[in-house]
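What the coordinates show
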Amino acid sequence: MASLKAHHPDAPPLILQWPLLYANKVLVGQGTLLTVSQREWQVAGTMPVQRGMALKVWISPAHRDDSLYVREARVLWAGANEFGLELRHVDLPDHQWLISFFRECGHSIRWLDV
């Protein structure tokens, strides 16, 4: 399992439109991953969340047949229908796929194993 930490804080966000599901013991929501930046992953969702909440997330990139599984993400901020996530724990194969995807699209996001 890997933790994802951003490395270059000034890189522009990568704009995505990937469907996702997010859940914890008290809620299940559907949403869309909107952007990925060095600081956060921005999501628009159907269920409200609160800052500090821990979530499991299943992301469905158009480039994959299966979902990316995020074992733990933490809500950094929450608005009416949008919120920011910090990914805390992702299984190694999904972590490696994300690194490869960002590299292939020429984005400068660099994730470090911690």
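Residues numbered from 1 in each chain as written. Predicted model: local features only at pLDDT ≥ 70, side-chain atom pairs only at ≥ 80, totals over all residues. Heavy atoms only, no water.

Now for the environment of Arg74. Tracing the sequence through the fold places Arg74 in strand S6 (residues 68–78). Sequence-wise, Arg74 and Ala54 are 20 residues apart; in three dimensions their C-alpha atoms are separated by 4.7 Å. Not counting the four nearest positions on each side in its chain, Arg74 is found in contact with Gly52, Met53, Ala54, Gly84, Leu85, Glu86 and Arg88. (Helix = DSSP H or I, 4+ residues; strand = E, 2+ residues; numbered from the N terminus. Contact = heavy atoms within 4.5 Å.)

Attention shifts here to the packing of aromatic side chains. On inspection of all chains with the given rule, the structure shows 7 aromatic pairs. Here Trp18 and Trp97 contribute two aromatic rings whose centre-to-centre distance is 6.1 Å and whose plane-to-plane angle is 55°, an arrangement assigned as tilted. Here Trp18 is found in strand S2 (residues 14–23), whereas its partner Trp97 is found in helix H1 (residues 92–104), with 79 residues between them in sequence. Taken together through their ring pairs, the aromatic side chains of Trp18, Trp41, Trp97, Phe101 and Phe102 make up a single cluster. Seen from the ring of Trp97, Arg64 lies directly overhead, with NZ or CZ sitting 5.2 Å from the centre. (Phe/Tyr/Trp six-rings, centres within 6.5 Å; stacked < 30°, edge-to-face > 60°. Lys NZ or Arg CZ within 6 Å of the ring centre and 35° of its normal.)

Bringing the sheet that holds strand S7 (residues 82–90) into the picture now. Strand pairing within a sheet occurs via backbone hydrogen bonds; the two strands may be parallel or antiparallel. What the 6 strands build is a closed barrel, ordered S2-S3-S4-S7-S6-S5; its pairing is antiparallel. With strand direction ignored, the average angle separating the axes of adjacent strands in the sheet is 45°. Here strand S3 (residues 28–36) pairs with strand S4 (residues 41–45) via 5 bridges, running antiparallel. Residue pairing in the sheet places Val36 in a bridge with Trp41 of S4. (Pairing = 2+ DSSP bridges. Axes fitted to C-alpha atoms, helices over the stretch in contact; angles between N-to-C directions.)

Here the focus is H1. The α-helix advances 3.6 residues per turn, and as a result positions three or four apart in sequence lie on the same side. Here H1 spans 18 Å end to end across 13 residues, near enough to the 18 Å set by a 1.5 Å rise per residue. In the segment just after H1, Gly106 is the residue with positive phi, at about 75°. (Expected span 1.5 Å × (residues − 1).)

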